[in-house]
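Residue-level listing of the chains:
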Amino acid sequence: MAQLVKPPPVFSHPEWTYSNKTKFHNAETERASGERLVEESKRLSEETQAVTEKTQRDVNKKLEQRLHDINYWKSELENKLDEIKTETDSLLAFKTRLEKAIEACAEPLHIAQQCLTNRQKRKGIDLVHDDVQKELIKEVEAIQGVIALLKRTHEQAVEQVRLNRKAKYQLEKDLKDKFDAVAIDSYCRELRNNSNTIQFKEGAAKIETTSTTPEDWASYSNENNDKAERERMSSVQLRTIIDGILQQSTNDLRKQCQDVNIAFKKRIDESTDTKAKLENHLSRVIGEIKDMEENITRLQKAISDKAAPMKLSHTRLDTRTNRPNVELCRDPVQYRLMSEVAELEGSVAALQARLAQSEDSLKGLIRNQLDLEEDIDIKANTLFIDEVQCMGMRESVNLQSF
């Protein structure tokens, strides 16, 4: 069944009046609330604008301060980078000096060793462990010691150059980051609210997990700076040590070289003097041999000359034995003939004895001549080795300052 249509409700006049007053009140309340909201919104906008402007001024100020801090450390790192570069170049120059010094020691060492080898070719009694030999051995040991020291120092220089370059790399890496940071913060400092490049970035307002604190940031650059300074000072000290070692090594080798040359000169003079004396003795011995040969000839002739008188005496004695009977008298003639024979035999015996002595003496003189000639040859060989071979080589030794 269809529902019956109900007529609209009918209100009384008081209800109508109440309804109107209620609407008036609600409207006034909302209007007043709206007015307050508008005023509060204006005030909030002004306050937030002021806060924003203040914050931006503070951000700009902090950017300026940050750029000042970065530029300060950039300047410090640049200065230290220049210093470490200069010091590394200086150390490389000293490293080159060490290499040249090691190379320069090769020739003196070879010459000293060759002198020792040559002197082993001395002969006989001249193969003596003399002062020259001792000084040459000392020279070889000194040069080998200097080379070993220079090589160790060179290794230290190579290591220090590596450490300098490592410090330089850290400075350059830090400086590159500083240049990038200055560029970025300078760009940020120039940005304004009306800049064309500004835009919203989702998630920009965050702290990166890899970021560092200002203290860590300053400590990092300070440590790089300090490390570079420590390596620079170590490098300076090493250069001082290298310079001292090079000077001392040069002085030591020069002194030892002089000592060897002095010993050689003394030995050469001694050998020359001895050789001259030997030659003088040889000359005298040869003269004496000649005299002795003439003496032997005279003695042989003297002995030969006694043959005729001996024959004469023997003949006379033998002939007088033929005297007859009582005429076979032991007269003075007989006795004198017999004494003559005894005298002649004594003379011959004395002459033969002297001849034997002279011949023995001649043999001794000849042996002595051979010994002297051999010794002179030995001295000549020694002088050739020391004066010509060794000193000839040593004249080319020129120890310049390393």
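Since we're looking at a predicted model, the values are computed, not measured.

What exactly am I supposed to notice about the overall build of the chain here?
Along the chain, the regular secondary structure elements total 6 helices and 0 strands. Taking 402 residues into account, the globule formula puts the C-alpha radius of gyration at 21 Å, and the chain, at 62 Å, lies well above it. Considering only C-alpha atoms, the chain reaches an extent of 240 × 55 × 30 Å along its principal axes. Burial analysis of the chain (402 residues in total) assigns 30% to the buried set. Partitioning the contacts of the chain with sequence separation of at least 6, the portion at a separation of at least 24 is 89%. With an accessible surface of roughly 27,300 Å², the chain has 55% of that area assigned to carbon and sulfur atoms. For the chain, the centre of its 64 positive side-chain charges and the centre of its 71 negative side-chain charges are spaced 1 Å apart.

Would you explain the packing of aromatic side chains in this entry?
How two aromatic rings sit relative to each other is set out by the distance from centre to centre and by the angle between their planes. Applying the stated criterion across every chain, the model contains 1 aromatic pair. Here Tyr72 and Trp73 contribute two aromatic rings whose centre-to-centre distance is 5.4 Å and whose plane-to-plane angle is 75 degrees, an arrangement assigned as edge-to-face. Overall, the relative accessible area of 44% leaves Tyr72 in the partly exposed class. The ring of Trp217 is capped by Arg66, whose NZ or CZ atom sits 3.8 Å from the centre of that ring. The ring of Phe94 carries the charged tip of Arg97 above its face, separated from the ring centre by 4.9 Å.

Looking at this model, I keep getting lost on the environment of His110. Mind explaining?
Mapping His110 onto the fold places it in helix α2 (residues 106–119). Spatially, the C-alpha atom of His110 lies 8.7 Å from that of Val140, the residues being 30 residues apart in sequence.

Got a minute to help me understand the nonpolar core in this structure?
Side chains that are nonpolar tend, in soluble globular proteins, to be buried together. Grouped together as the largest cluster of nonpolar side chains are 35 residues, with contacts concentrated most on Cys105, Leu136, Leu150, Ile242 and Phe264. Broken down by secondary-structure element, the contributors of at least two residues to this core are α1 (13–104), α2, α3 (131–190), α4 (214–305) and α6 (332–394). Take this core: its biggest share by element is 10 residues, from α4. Apart from the residues within four sequence positions on either side, Phe264 is in contact with Arg119, Val132, Leu136, Asp386, Cys390, Met391 and Arg394. Counting residues in hydrophobic clusters, the runner-up holds 16 residues, among them Leu278, Met292, Leu299 and Leu372.

Would you mind showing me how to read the pattern of salt bridges here?
Pairing between side chains becomes possible if they bear opposite charge and their charged atoms approach one another. Considering all chains together, one arrives at 36 salt bridges under this definition. Here Arg31 and Glu28 are joined by a salt bridge, their closest N and O atoms 2.2 Å apart. With Arg31 and Glu28 both in helix α1 and 3 residues apart, the pair spans about one turn of that helix. Relative accessible area serves as the criterion here: at 40%, Arg31 is assigned to the partly exposed category. Note that Glu139 and Arg394 form a salt bridge whose closest N and O atoms lie 2.9 Å from each other. Of this pair, Glu139 sits in helix α3 while Arg394 is found in helix α6, placing the two residues 255 residues apart along the sequence. The exposure class assigned to Arg394 is buried, which follows from its relative accessible area of 4%. Salt bridges sharing partners connect three or more residues here, namely Arg119, Arg122, Asp130, Arg267, Glu270 and Asp386.

Please clarify how the side chain of Gln256 should be interpreted in this entry.
By the secondary structure assignment, Gln256 is in helix α4. In this structure Gln256 touches Glu135, Lys138 and Glu139, once residues within four positions along its chain are discounted.

Which parts of the structure should I look at to understand unusual backbone geometry?
The general pattern is negative phi for most residues beyond glycine and trans for most peptide bonds. At Asn325, a residue that is not glycine, the phi angle is positive and equals roughly 45 degrees. You can see Asn325 is positioned in the loop between α5 (307–320) and α6.

Please explain a negative patch on the surface as it appears in this structure.
On the surface, Glu288, Asp291, Glu293 and Glu294 cluster together into a patch of negative charge. Along the polypeptide, Glu293 turns up in helix α4. A residue is classified by how much of its surface remains accessible, and Glu293, at 40% relative accessible area, is partly exposed.

Which parts of the structure should I look at to understand the state of the cysteines?
Simply put, the disulfide is a covalent bond whose two ends are the sulfur atoms of two cysteines. Per the counting criterion, the structure on display carries 0 disulfides. Cysteine Cys390 is unpaired, with the sulfur of Cys115 as its nearest cysteine sulfur at 3.8 Å.

Any chance you could explain the side chain of Ser313 here in plain terms?
Position of Ser313 relative to the elements: it lies in helix α5. Excluding residues that lie within four positions of it along the chain, Ser313 makes contacts with Glu340, Val341 and Leu344.

Help me understand the packing of α1 against α4 in this model?
When two helices pack together, their arrangement is given by the angle between their axes and by how far apart the axes lie. Taken N-terminus to C-terminus, the directions of α1 and α4 make an angle of 20 degrees; their axes are 9 Å apart at the nearest point. Regarding the angle of α1 to α4, the classification is roughly parallel. The handedness of the crossing between α1 and α4 comes out as left-handed. By residue class, the composition of the contact of α1 with α4 is 15 nonpolar, 5 polar and 12 charged.

Mind showing me how you'd approach the environment of Ala380 here?
Residue position: Ala380 is located in helix α6. The spatial distance from the C-alpha of Ala380 to the C-alpha of Arg122 is 9.8 Å, given a sequence separation of 258 residues.

In this structure, what is going on with α2? I would like to understand it.
Each turn of an α-helix holds 3.6 residues, which means side chains three or four residues apart point in the same direction. Between its first and last C-alpha atoms α2 spans 20 Å; for 14 residues at 1.5 Å apiece the expected length is 20 Å, and the two agree. Pro108, Leu109, Ile111, Ala112, Cys115, Leu116, Asn118 and Arg119 are the residues of α2 that are buried. Structurally, α2 contributes buried residues whose contacts are with α1, α3, α4 and α6.

Help me understand the confidence of the model for the chain, please; the structure alone is not making it clear to me.
Detailed reading of the predicted coordinates is not advisable wherever pLDDT falls low. The predicted model of the chain has a mean per-residue pLDDT of 90, with 98% of residues at 70 or higher. By mean pLDDT, the top-scoring element of the chain is α3 (94), and the lowest-scoring one is α5 (89).

Rules of the game
- Residues numbered from 1 in each chain as written.
- Predicted model: local features only at pLDDT ≥ 70, side-chain atom pairs only at ≥ 80, totals over all residues.
- Heavy atoms only, no water.
- Helix = DSSP H or I, 4+ residues; strand = E, 2+ residues; numbered from the N terminus.
- Rg over C-alpha atoms; globule rule 2.2 N^0.38 Å.
- Buried < 20%, exposed > 50% of the residue type's maximum accessible area, 1.4 Å probe, protein only.
- Contact = heavy atoms within 4.5 Å.
- Areas by Shrake-Rupley, 256 points an atom, 1.4 Å probe, with all protein chains shown as cover.
- Lys, Arg positive; Asp, Glu negative; His and termini not counted.
- Charge placed at Lys NZ, Arg CZ, Asp CG, Glu CD.
- Phe/Tyr/Trp six-rings, centres within 6.5 Å; stacked < 30°, edge-to-face > 60°.
- Lys NZ or Arg CZ within 6 Å of the ring centre and 35° of its normal.
- Core = buried A, V, L, I, M, F, W, Y, C linked by side-chain atoms within 4.5 Å.
- Salt bridge = Lys/Arg side-chain N within 4 Å of Asp/Glu carboxyl O.
- Patch = residues over 30% accessible without salt bridge, like charges linked within 9 Å, V, L, I, M, F, W, Y side chains within 5 Å.
- Disulfide = S-S within 2.5 Å.
- Axes fitted to C-alpha atoms, helices over the stretch in contact; angles between N-to-C directions.
- Parallel < 35°, antiparallel > 145°, perpendicular 65-115°, else oblique.
- Left-handed = near helix turned anticlockwise from the far one by under 90°.
- Nonpolar A, V, L, I, M, F, W, Y, C, P; charged D, E, K, R; others polar.
- Expected span 1.5 Å × (residues − 1).
- pLDDT = per-residue confidence, 0-100.

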